[in-house]
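Structure at a glance
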Amino acid sequence: MGRMANEPTTLPAFADLPAGRTAKGLARPDLGVPVEIPWFAVRGAEPGPTLLVTAGVHGAEYASIEAAYRAAATDPAELAGTLLVLPIVTPPSFFARSIYVTPVDGANPNRVFPGRDDGGFSERLAAWLMRQAVDRADAWIDLHGGDLIESLTPFSLVPEDDPVSRRLGEAFGLPLMIEDDLDGTTATEGARRGLPCVLAEAGGQGLWPEKAVVPLADGVGRALIHLGMREGDLPPREVKTLTTFAWLRSEHAGLWRPRVAGGDPVTAGQELGVVTDLLGEVRQRAVAPQDGVALFAVSSLAINAGDPLVGVGA
Ligand SMILES: [Zn+2]
C-alpha cells in the first residue's frame, strides 16, 4: 500500500492545492538518514502544464540555488499551470558544503539517475525525485553551476537529437548550449521519460553574484513564457550550439596550476595547466584536445587522481 499523499515524505497532489496560491513545505523522504527537502508549488490561477525546477543536486552550486528560490517567488496570479521548485535537492551536501559528492555515501547524485529504492543514499534520493516530481511534470529544468572549486561560463546542456528540449534550451537563453547525453544525469534520464529537459549552469567557486543568478532566474522566467505558462515577450537570444564536451582529468594527486578559467577560448594543443607532484615535479600537462572554449576549469591548487581539470566545449 502506498503512502498517503499528504504525508510529509511525499509531495502533495498539486491538483488538491488551491489555485492562485503558492504552497510550500519540507519533504522528509525515507533515505536512510534524516533529510528535509524544501519544495514550493506555485499554483497558477489558470490550468496549464507543470514545470519542475530543481537546484542543489550539487549542494554548493549557490548561484543555481539562489536562482531557484527567486523562481519560487513567481507570482501565481500571473501563472497558468504549476511551477514546482525544489531549490535544494541534496540538503546533506548543502550543509556540508560538499564538492561533487554527498557526504552520506560519497556518490555524485548527478550520475545515478534514475536511481533505485534499494540502493545507497544518492540512488534512493534520485528514485524519490523521479517518482515524486519528475514523473508528475511536463518539463524539467535542473539548475547547476561550477562547484566550490570551479570557474565556469554560463551554458546549457540538452539531450542529443531532442528538438523539444533544444527549443526549451534556446528559450532559456544562456549564450552557449551543448547537445550531449551522459548516462545517470538528470537531463538525460528525464528525457528518457519523455520530458523536455534542460540542465543550465552558471556561477561557481562558492559565489553567487547577480551576474550568475540573474541569467538562471531569468531563464526560468523565459521558459515559462515559452511553455505558455506566463504571458510576456520572448526576445530571441543568440545561443551558440556546441556538440562536443571533452573533460580533461588529472592522472595524479598533487598540485594543479591552471592557465585558463571558465569562458576562455582555447586552441587545439594549447597547454591549459600543469599537474605537479608534492615535490614539484611535473607529472601531467593538460592539453586542449580541440579548438573551443573552456566551459569550466578547476581552480583549486589541490588535485586528486581522477578529478576533472578543464571541460572544453567545441
Ligand atoms: Zn552540478
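Everything here concerns the structure above.
This write-up is about the structure you can find in this document. (Residues numbered from 1 in each chain as written. Predicted model: local features only at pLDDT ≥ 70, side-chain atom pairs only at ≥ 80, totals over all residues. Heavy atoms only, no water.)

**So, the coordination of the zinc ion**
Looking at the zinc ion, the protein donor atoms are His58 (ND1), Glu61 (OE), Glu61 (OE) and His144 (ND1), and they sit 2.0 to 2.3 Å from it. The site at the zinc ion holds four donor atoms, and with the angles between them running 57 to 148°, its shape is irregular. Site description for the zinc ion: donor spacing in sequence, H-x2-E-x82-H. A residue pair is termed long-range when its members are at least 10 positions apart, and His58 in the loop between strand S3 (46-55) and helix H1 (62-72) and His144 in strand S5 (residues 139-144) qualify at 86 residues. (Donors = N, O, S within 2.8 Å, 3.2 Å for Na, K, Ca; no water. Tetrahedral: all angles 85-135°; square planar, octahedral: opposite > 155°, others 65-115°. Helix = DSSP H or I, 4+ residues; strand = E, 2+ residues; numbered from the N terminus.)

**Describing unusual backbone geometry**
The omega torsion of the bond from Phe113 to Pro114 falls at 5°, within 30 degrees of zero and hence cis. Take Pro114: it is sitting in the loop between helix H2 (91-96) and helix H3 (121-132). Phi at Asp161 takes a positive value of approximately 50°, unusual for a residue other than glycine. Checked against the element boundaries, Asp161 lands in the loop between strand S7 (155-158) and helix H4 (163-172). Accessibility expressed as a relative area gives 73% for Asp161, which makes it exposed. With phi around 60°, Gln205 is a residue other than glycine that occupies positive phi space. Relative to the helices and strands, Gln205 is located in the loop between strand S9 (197-201) and helix H6 (210-226). (Buried < 20%, exposed > 50% of the residue type's maximum accessible area, 1.4 Å probe, protein only.)

**Brief notes about the sheet that holds strand S15 (residues 282-287)**
Read from one edge to the other, the open sheet built from four strands follows the order S15-S14-S12-S17, with strand pairing classed as antiparallel. Only two strands of the sheet have a single partner each, and these edge strands are S15 and strand S17 (302-303). In terms of strand pairing, strand S12 (residues 254-258) meets S17 through two bridges, oriented antiparallel. Considered in S17, the bridge of Leu255 is made with Ala302. (Pairing = 2+ DSSP bridges.)

**Comments concerning the packing of H1 against H6**
Axes are the key here: two packed helices are described by the angle between their axes and the distance separating the axes. At a minimum axis separation of 8 Å, H1 and H6 run at an interaxial angle of 45°. With respect to each other, H1 and H6 are oriented oblique. At the point where H1 passes H6, the crossing takes the right-handed sense. The residues of H6 that touch H1, namely those facing Ala63, Ser64, Glu66, Ala67, Arg70 and Ala71, are Glu210, Ala212, Val213, Val214, Leu216, Ala217 and Val220. Class assignment for the residues of the contact of H1 with H6 results in nine nonpolar, one polar and three charged. (Axes fitted to C-alpha atoms, helices over the stretch in contact; angles between N-to-C directions. Parallel < 35°, antiparallel > 145°, perpendicular 65-115°, else oblique. Left-handed = near helix turned anticlockwise from the far one by under 90°. Contact = heavy atoms within 4.5 Å. Nonpolar A, V, L, I, M, F, W, Y, C, P; charged D, E, K, R; others polar.)

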